[in-house]
Amino acid sequence: MPEESWNHDDTIKFKVMVEDIESTYDLHLDINHEDYYPYQNLYLKIITAFPGGKRTQEQISIELAEKSGKWSGKCRRGQCRIKVYLLESFYFPEKGEYKFIIAQHTRKEELEGINQMGLSLFKRN
């Protein structure tokens, strides 16, 4: 993540090589944020680039805090971490390299308080 703030133009890119298209997978997003993050949720744009050239785009809202203001993830020493389940029990349609591109999609040009993101892919069977 950028050090000071996350600009609309800054993207986070993850690449995954998929050889097994018979198995099912789970896809999780891990987000670390400061406890001073000023919003209840985080809006993201996620672009998936398939090996054959097809691209899909989805906008999602991730609830980082409950309506009461309590953070949804685990917090320690000013840092909070939350795991978000993006897809569960899905198949990849084709073999090859997939790219997941994530951009912040909030009303602010510069977003502060998001420190780190990680994408986890788990084979279910």
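Just so you know, these numbers come straight off a predicted model, no measurement behind them. (Residues numbered from 1 in each chain as written. Predicted model: local features only at pLDDT ≥ 70, side-chain atom pairs only at ≥ 80, totals over all residues. Heavy atoms only, no water.)

(A) Molecular detail of the overall build of the protein chain. The helix and strand tally for the protein chain stands at zero helices and ten strands. What you see in the protein chain, going N to C, is helices and strands ordered as β-β-β-β-β-β-β-β-β-β. Dimensions along the principal axes, computed over C-alpha positions, put the protein chain at roughly 40 × 30 × 25 Å. Counting over 125 residues, the protein chain shows a buried share of 42%. Carbon and sulfur atoms make up 44% of the accessible area of the protein chain, which amounts to about 7,900 Å² in all. Positive and negative side-chain charges of the protein chain, numbering 18 and 20 respectively, have mean locations separated by a distance of 3 Å. (Helix = DSSP H or I, 4+ residues; strand = E, 2+ residues; numbered from the N terminus. Buried < 20%, exposed > 50% of the residue type's maximum accessible area, 1.4 Å probe, protein only. Areas by Shrake-Rupley, 256 points an atom, 1.4 Å probe, with all protein chains shown as cover. Lys, Arg positive; Asp, Glu negative; His and termini not counted. Charge placed at Lys NZ, Arg CZ, Asp CG, Glu CD.)

(B) Molecular detail of the side chain of Gln104. Structurally, Gln104 is set in strand β8 (residues 96-104). Within the local environment of Gln104, its side chain forms a polar contact with the backbone oxygen of Lys108, the two atoms lying 3.2 Å apart. A distance of 3.3 Å separates a polar side-chain atom of Gln104 from the backbone oxygen of Glu109. Ignoring anything within four residues of it in the chain, the contact list for Gln104 reads Trp6, Asn7, His8, Tyr43, Leu44, Glu109, Glu110 and Leu111. (Polar contact = N/O pair within 3.5 Å; in protein donor to acceptor, adjacent residues only side chain to side chain. Contact = heavy atoms within 4.5 Å.)

(C) Highlighting a negative patch on the surface. Taken together, the side chains of Glu3, Glu4, Asp9, Asp10, Glu109, Glu110 and Glu112 define an acidic patch exposed on the protein surface. Position of Asp9 among the secondary structure elements: in the loop between β1 (6-7) and β2 (11-18). (Patch = residues over 30% accessible without salt bridge, like charges linked within 9 Å, V, L, I, M, F, W, Y side chains within 5 Å. Salt bridge = Lys/Arg side-chain N within 4 Å of Asp/Glu carboxyl O.)

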